[in-house]
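Observations on chain architecture
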Amino acid sequence: MIEWLDNNVLYWHWIIFGILLITIELFAPVFVMLWLGAAGIIVGVLSLVIDLDFSTQLILWACLSTLFLFLWHKFISPKMTDRTLAGLSKEAIVGQIGMVVFFSRDQGRGKLKFPAPIVGNDEWEFIHNGPLANGDKVQVTDISGNSLIVKSQT
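Residues numbered from 1 in each chain as written. Predicted model: local features only at pLDDT ≥ 70, side-chain atom pairs only at ≥ 80, totals over all residues. Heavy atoms only, no water.

**Here's the deal with the pattern of salt bridges**
We apply this condition: Here, a salt bridge means any side-chain nitrogen of Lys or Arg that lies within 4 Å of a carboxyl oxygen of Asp or Glu. Note on exposure labels: buried denotes an accessible area under 20% of the residue type's maximum, exposed denotes more than 50%, and partly exposed covers the range between, all computed with a 1.4 Å probe on protein chains only.
The tally for this structure, following the rule as stated, stands at one salt bridge. Between Lys-113 and Asp-122 there is a salt bridge, with the nearest N and O atoms lying 3.6 Å from each other. Looking at Lys-113, the relative accessible area reads 35%, which means it is partly exposed. Taking the relative accessible area as the measure of exposure, Asp-122 reaches 25% and is therefore partly exposed.

See the structure below:
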């Protein structure tokens, strides 16, 4: 059977196979088929340039696929995590700790800043009853409209 494959698997079969795998990635976006498809296209191009038997092509495809998947999960995928908490529910905001940027004791309102953006913004208006100074740490306990209700973190 290997002899039949050596004579019948041409470079364009690998390219079509790679394109097919990348197309499958469009319908199941898990970033696995993309790298298997890219490896298939590279094997196809190499087969066009260099005369490789099928066993070598298959081993080369497996090695390239493994290498691409390893590189993806090691270097690229961790940088794509969303650390902003955008679109999360009230439960994700409650408990966050921020620093007071401005506070008006007369109005009981102010602005606080979070180390990372929360729901797309790193500065939020807050409501607090009691004394606060700029630079104080506060913890979010609830939400009232577009303002956060906070308590002093002492």
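After that view of the structure, there is still more to cover.
**So, the packing of aromatic side chains**
Here is the rule we go by: Between 30 and 60 degrees the pair is tilted, below 30 it is stacked and above 60 it is edge-to-face, where a pair is any two Phe, Tyr or Trp rings, Trp via its six-membered ring, whose centres lie within 6.5 Å. Every helix listed is a DSSP run of H or I at least four residues long, and every strand listed is a run of E at least two residues long, numbered separately from the N terminus.
A full pass over the atoms with the stated rule returns eight aromatic pairs. Seen from their ring centres, Trp-35 and Trp-72 are 5.7 Å apart, and the 40° between their planes marks the pair as tilted. Note that Trp-35 is positioned in helix H3 (residues 33-49) and Trp-72 in helix H4 (residues 54-76), a separation of 37 residues in sequence. When sorted by exposure, Trp-35 lands in the same class as Trp-72, which is buried. Each member of the aromatic cluster is reached from another via a ring pair, and the members are Trp-14, Phe-17, Phe-54 and Trp-61.

**So, H3**
Threshold: Helix span is expected to be 1.5 Å times the residue number reduced by one. Residue contacts are defined here by distance: any two heavy atoms, one from each residue, within 4.5 Å place the two residues in contact.
Taking 1.5 Å as the rise per residue, H3 with 17 residues should run 24 Å; its terminal C-alpha atoms sit 24 Å apart, in good agreement. Among the residues of H3, those classed as buried are Trp-35, Leu-36, Gly-37, Ala-39, Gly-40, Val-43, Gly-44 and Ser-47. On its buried face, H3 sits against helix H2 (11-27) and H4.

**Details of the confidence of the model for the protein chain**
Put simply, the test is: Note on scores: pLDDT gives the predictor's confidence for each residue, bounded by 0 and 100.
Of all residues in the protein chain, 90% have pLDDT values of 70 or greater, and the mean over the chain is 87. When mean pLDDT is taken per element in the protein chain, H3 scores highest with 96 and helix H1 (residues 2-8) scores lowest with 68.

**Some remarks on the pairing of strand S2 (residues 109-118)**
Selection rule: Being paired, for any two strands, means DSSP has found at least two bridges between them.
Bridging between strand S1 (residues 97-104) and S2 involves five bridges; their strand directions are antiparallel. In the strand pairing of S2, Ser-104 is matched with Arg-109. Taking the residues between adjacent antiparallel strands as the criterion, S1 and S2 are bridged by four residues, where Gly-108 takes a positive phi near 70°. Pairing geometry for S2 and strand S3 (residues 121-127), over six bridges, is antiparallel. The residue of S3 that forms the bridge with Arg-109 is Ile-127. Count of turn residues in the S2/S3 antiparallel hairpin: two residues, of which Val-119 carries a positive phi of about 50°.

**Here we look at the sheet that holds strand S5 (residues 147-152)**
By definition, the strands of a sheet pair up through backbone hydrogen bonds, in either a parallel or an antiparallel sense. Short version of the rule: Here the axes come from fitting lines to C-alpha atoms, over the contacting stretch only for helices, and the angles between their N-to-C directions go from 0 to 180 degrees.
One closed barrel accounts for five strands, arranged S1-S2-S3-S5-S4; its pairing is mixed. For this sheet, the mean inter-axis angle between neighbouring strands, taken without regard to orientation, is 50°. With two bridges joining them, S3 and S5 adopt parallel strand pairing. The partner of Phe-126 across the bridge, within S5, is Leu-148.

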